[in-house]
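# Inside the fold
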There are 2 protein chains.
Amino acid sequence: MRYHEFIAEGDKIVKELIFSDYQITQLYATSAWIKKNCNILPGYLKPVKLSLEELRSISHQVTPNQVLAVVKIPGKKELHSPENQLTLLIDNLQDPGNLGTIIRTAEWFGIKNIICSEDTVDIYNPKVIQATMGSFCRVETYYTNLTDYLKNCIDKIPVYGSYLHGQNCFNLNFEKNGILVIGNESKGISPENEKFITTKVTIPAYEKEQFKKPDSLNASAAASILMALIRMNDL
Amino acid sequence: MRYHEFIAEGDKIVKELIFSDYQITQLYATSAWIKKNCNILPGYLKPVKLSLEELRSISHQVTPNQVLAVVKIPGKKELHSPENQLTLLIDNLQDPGNLGTIIRTAEWFGIKNIICSEDTVDIYNPKVIQATMGSFCRVETYYTNLTDYLKNCIDKIPVYGSYLHGQNCFNLNFEKNGILVIGNESKGISPENEKFITTKVTIPAYEKEQFKKPDSLNASAAASILMALIRMNDL
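Residues numbered from 1 in each chain as written. Chains lettered and ligands numbered in written order. Predicted model: local features only at pLDDT ≥ 70, side-chain atom pairs only at ≥ 80, totals over all residues. Heavy atoms only, no water.

Turning next to the overall build of chain A. Helix and strand counts for chain A come out as eight helices and ten strands. Contacts in chain A between residues at least 24 apart in sequence constitute 75% of all its contacts with a sequence separation of at least 6. Side-chain charges of chain A comprise 25 positive and 26 negative groups, with the mean position of each set lying 6 Å from the other. (Helix = DSSP H or I, 4+ residues; strand = E, 2+ residues; numbered from the N terminus. Contact = heavy atoms within 4.5 Å. Lys, Arg positive; Asp, Glu negative; His and termini not counted. Charge placed at Lys NZ, Arg CZ, Asp CG, Glu CD.)

Residues and elements named next belong to chain A. If you check the domain split of chain A, you get domain 1 (5-72) and domain 2 (87-234). Between domain 1 and domain 2, the C-alpha centre-to-centre distance is 32 Å. The interface of domain 1 with domain 2 comprises twelve residues on the first partner and nine residues on the second. For the domain 1 and domain 2 pair, buried surface summed over both sides reaches about 1000 Å², with 65% attributable to carbon and sulfur atoms. Ranking the residues of domain 1 by area buried against domain 2 places Phe6, Ile13 and Tyr22 at the top, with a combined share of 46%. Run the count over domain 1 and domain 2 and you get one salt bridge. (Domains from an automatic or database assignment. Buried area = accessible area lost by both parts, 1.4 Å probe. Salt bridge = Lys/Arg side-chain N within 4 Å of Asp/Glu carboxyl O.)

Quick look at helix H1 (residues 11-18) of chain A now. Buried within H1 of chain A we find Ile13, Val14, Glu16, Leu17 and Ile18 of chain A. At its buried positions, H1 of chain A is contacted by strand S1 (5-9), strand S2 (24-29), helix H2 (31-37), strand S4 (67-72) and helix H5 (126-132) of chain A. (Buried < 20%, exposed > 50% of the residue type's maximum accessible area, 1.4 Å probe, protein only.)

All right, on to the relation of the copies chain B and chain A then. The transformation that overlays chain B on chain A combines an axial shift of 0.0 Å with a rotation of 180 degrees, and the residual RMSD is 0.0 Å. Expressed as an axis order, the relation between the two copies is that of a two-fold axis. A high fraction, 100%, of the interface residues of chain B reappear at the interface in chain A, so the copies pair face to face through one surface. (Least-squares fit on C-alpha atoms with pLDDT ≥ 70 in both.)

So, about the sheet that holds strand S7 (residues 140-144) of chain A. Residue and element names in this part refer to chain A. Read from one edge to the other, the open sheet built from six strands follows the order S7-S6-S5-S9-S8-S10, with strand pairing classed as parallel. Of all strands in the sheet, those with a lone pairing partner are S7 and strand S10 (199-202), marking the two edges. Averaged over all pairs of adjacent strands, the angle between strand axes in this sheet comes to 35 degrees, irrespective of strand direction. (Pairing = 2+ DSSP bridges. Axes fitted to C-alpha atoms, helices over the stretch in contact; angles between N-to-C directions.)

So, on to the confidence of the model for chain A. Detail in the predicted coordinates should be disregarded across regions flagged by low pLDDT. Residues and elements named next belong to chain A. When pLDDT is averaged along chain A, the result is 93; 97% of the residues meet or exceed 70. Mean pLDDT across the elements of chain A bottoms out in helix H3 (residues 52-58) (91) and peaks in strand S9 (residues 179-182) (98). Two numbers describe this predicted complex: its pTM, 0.94, and its ipTM, 0.94. (pLDDT = per-residue confidence, 0-100.)

Our next topic: the pattern of salt bridges. Applying the stated criterion across every chain, the model contains 20 salt bridges over all chains. The partner of aspartate 215 of chain B in a salt bridge is lysine 12 of chain A, and the shortest N-O contact between them spans 3.3 Å. Of this pair, aspartate 215 of chain B sits in the loop between strand S10 (199-202) and helix H8 (219-231) while lysine 12 of chain A sits in helix H1, which puts the two residues in different chains. When its relative accessible area of 49% is taken as the criterion, aspartate 215 of chain B is described as partly exposed. Here arginine 138 of chain A ties to glutamate 16 of chain A by a salt bridge, and the two come within 2.1 Å at their closest N and O atoms. Of this pair, arginine 138 of chain A sits in the loop between H5 and S7 while glutamate 16 of chain A sits in helix H1, and the two are 122 residues apart along the sequence. The exposure class of glutamate 16 of chain A is buried, given its relative accessible area of 15%. Connected via shared salt-bridge partners are Lys12, Glu16, Glu107 and Arg138 of chain A together with Asp215 of chain B.

Inspection of the secondary structure puts leucine 146 of chain B in helix H6 (residues 146-151). Taking C-alpha positions, leucine 146 of chain B is 7.3 Å from aspartate 91 of chain B, a pair spaced 55 residues apart along the chain.

Turning next to the sheet that holds strand S3 (residues 48-49) of chain A. Residue and element names in this part refer to chain A. With mixed pairing, the four strands of this open sheet are ordered in space as S1-S4-S2-S3. Of all strands in the sheet, those with a lone pairing partner are S1 and S3, marking the two edges. Inspection of the sheet shows S2 paired to S3 by two bridges, in the parallel sense. Across the sheet, the residue bridging to tyrosine 28 is valine 48, located in S3. In this fold H1 packs onto S1, S2 and S4, with an angle of close to 130 degrees to the strand it touches most, S1.

To describe a pair of aromatic rings, one takes the distance between the centres and the angle between the planes. Counted according to the given criterion, the structure contains ten aromatic pairs over all chains. Note on tyrosine 22 of chain A and phenylalanine 136 of chain A: the rings are 5.4 Å apart at their centroids and 70 degrees apart in plane angle, and the pair reads as edge-to-face. Residue tyrosine 22 of chain A is located in the loop between H1 and S2, and its partner phenylalanine 136 of chain A is located in the loop between H5 and S7; the two are separated by 114 residues in the primary sequence. Assigned by exposure class, tyrosine 22 of chain A and phenylalanine 136 of chain A land together as buried. Seen in terms of ring centroids, tyrosine 160 of chain B and phenylalanine 174 of chain B are 4.9 Å apart; in terms of plane orientation they differ by 70 degrees. Their pairing is edge-to-face. Here phenylalanine 174 of chain B lies in the loop between strand S8 (159-168) and strand S9 (179-182) and tyrosine 160 of chain B lies in strand S8, a separation of 14 residues in the sequence. With a relative accessible area of 15%, phenylalanine 174 of chain B lands in the buried category. (Phe/Tyr/Trp six-rings, centres within 6.5 Å; stacked < 30°, edge-to-face > 60°.)

So, in structure tokens, the structure goes:
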């Protein structure tokens, strides 16, 4: 964050960045990758040739990639209005893999805007960027005070929140345009945001006599299932 | 693997292990944790007191835990028959977080048996163990030749497989008892197993004119949605 830049790795994500509005400030790649992709590289970008071993030493990933980009973090964007669309709100999610997977699934289900609480893991954490598989280029993600944001939504739009003891999500008729709030991995949705939830929803566990009920679902698994259910009549 | 042992960390998972059939060979914990939990520790187990800093140095996780267990890997179990239940088959999945999350979601939806191809990531990889949040204690996971396993299922049971161009999963009436096959993160289900799939299913993306269709869903997100849809009438 110190230099207002982030790192993205791998052929797929770097190509998405090249064709996006993001500004790549430096590109490190193997000579093989540069040779193969010289026709798509913008003129101002002079890639630095590195061996796979050198790339491994600067990579955040276990398996080294042929290419790594240093990218400028864009300026703060104006918050969108949640009306007339489906919006995802992220309340204090901490695991970078979870946030990245949620952004990727959100894009799959046509969600264009994600609003995160200020204490949610940073989208420019390299593990978030990698887990999105490039979806962060097309889904807008904002960080703001979630309580203030929710205050402005009262009476305008349904606000669904994931809870352990809410209504069975498989029996609900979700509204097409609304807000879905996903909470922290262990604490769920913060108490100060609970009063804005208009419908508490639950993904019930399969409880037959031979099964002991497990504690919870992973936050990104729960988010994926709920996004699928909200969209299913339009798919 | 050299010592036929694996590592599990954190209060929740270690407690699950203590109350399971797994055999803990060594326990490292802070004195605070030991004091709080001495009443549940089996007599044969003499925990080694470590500071949080020392635990951090032997941990696989970013945030150090109060407790870390070394656990004996159990012997090979006999393969179960897939009839009269829902079974998950994992074909060459590589990401440990994905496998762990899938095991956790499978437990939530009452799946008792998961069969993995021999080239799937090892369940005893510490990242898999952590991502299951303890579900590996209650869901049986087997490694075998998946093609041979599927050969024995022909004409007995429906075999659902996740593909990019199959039937819309939201329009399908899934059978309660069947097999769901989840493929590799980038290559999907292996060609040699494709002929055993009786129904190819797809989670459609939301494609309206303003959306560019993304490439794919994360494997564990797709698995979570499909497990939820198969079980939804029983929840």
